[in-house]
Amino acid sequence: MAAEVQFARMNGLGNMILVVDMRGRADAVTPAAAIALNADPATRFDQIMAVHDPKVDGTDAFIDIINCDGSRAQACGNGTRCVVQALGAETGRKAFTFQTVAGILNATENGDGTISVDMGKPVFEWNRIPLAEEFFDTSRIELQIGPIDAPILHSPAVMSMGNPHAVFWVDRDPMSFDLDRFGPLLENHPMFPERANITLAHVTSPSSMTTRTWERGAGLTLACGSAACSAGVSGARTGRTGRKVAITVASSPNRGTLTIEWREDDHVVMTGPAEWEWSGTLDPSTGAFRRDETGAAAL
């Protein structure tokens, strides 16, 4: 088996993604390789999307999702859009079906170049998110940061979009909060036995909001697709917005926008861009890499 595989450095609204082609191989990208790649500024990432041969009939690939700390993630919407763009450039196809740990995802490249991903159905039951305590209503749970009589953040909506999320509602720009200070405390709070993604959401109209996310296993991120889905669903669930919202990702370099629609069939569809940056080869066991000399936008 060859030591090196093809990969592409990409981003989804600034969410830093490495799409690694593991098709035709029996091994996997190791945690050590992920940590080594993240330590190099050239390949620093939020998630690796490792594309493996399909395990289930009717799917195009199995995607192993790896955080920058070497842990596994169940879902990554921004990364899924990057995979669609990379495989679309390779095959000319516009529609794909992927298997992930969180389930089956269908994704389509649209005529305007944006990519829509059906992220599946949200999960609200406390023991399936999961939470450490039972809550009948997970649209607002008892959790806060700051003084008990004047909390800085409190009463998040919690849910799972394949991975656990907590959405805290704020009354101003999410960039004005010290999320780099609160994020680690909330991610690792005893309430979340599998840790959680922490999002600050500021509703700006019944059809729009601004968000910023501390991502489980990755820390402060420029964007997080599953967090945007969770914020959009939570906005509709709590009556703050309608079921289709434009979400401005505050930490994205251009404050880019994702469209989140919680359809009547309970599926959540995320639409947004993906951007190819450069490609190369890497050793999935060690993380050693080489950048291609050509500028071809494909795996």
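As shown above, the structure is provided for reference.
Please read these numbers as outputs of a predicted model, since none were measured by experiment. (Residues numbered from 1 in each chain as written. Predicted model: local features only at pLDDT ≥ 70, side-chain atom pairs only at ≥ 80, totals over all residues. Heavy atoms only, no water.)

Can you lay out the nonpolar core for me, pointing to particular residues and giving the numbers?
Ranked by internal contacts, the top residues of the largest apolar core, which has 46 residues, are V19, V83, F98 and I260. Listed in part, the 21 residues of the second largest apolar core include I129, I141, I145 and M191. (Core = buried A, V, L, I, M, F, W, Y, C linked by side-chain atoms within 4.5 Å. Buried < 20%, exposed > 50% of the residue type's maximum accessible area, 1.4 Å probe, protein only.)

Please set out helix α3 (residues 179–187) residue by residue, giving values where relevant.
Within α3 the residues assigned to the buried category are L179, F182, G183, L186 and E187. Down the axis of α3, the smallest arc covering the buried residues is 125°, so these residues share one side. Turned more than 90 degrees away from the buried face of α3, the exposed residues are R181 and L185. (Helix = DSSP H or I, 4+ residues; strand = E, 2+ residues; numbered from the N terminus. Arc of directions from axis to C-beta.)

Break down unusual backbone geometry for me, with residues and values.
Residue P130 is bonded to the preceding I129 through a cis peptide linkage, with omega at -5°. Looking at the secondary structure, you find P130 in the loop between β8 (115–118) and β9 (144–145). Of note, S155 is a non-glycine position whose phi angle comes to about 50°, a positive value. Looking at where S155 falls in the secondary structure, it is placed in the loop between β10 (153–154) and β11 (157–160). Assessed through its relative accessible area of 13%, S155 is described here as buried. Unlike most non-glycine residues, R195 shows phi in positive territory, near 65°.

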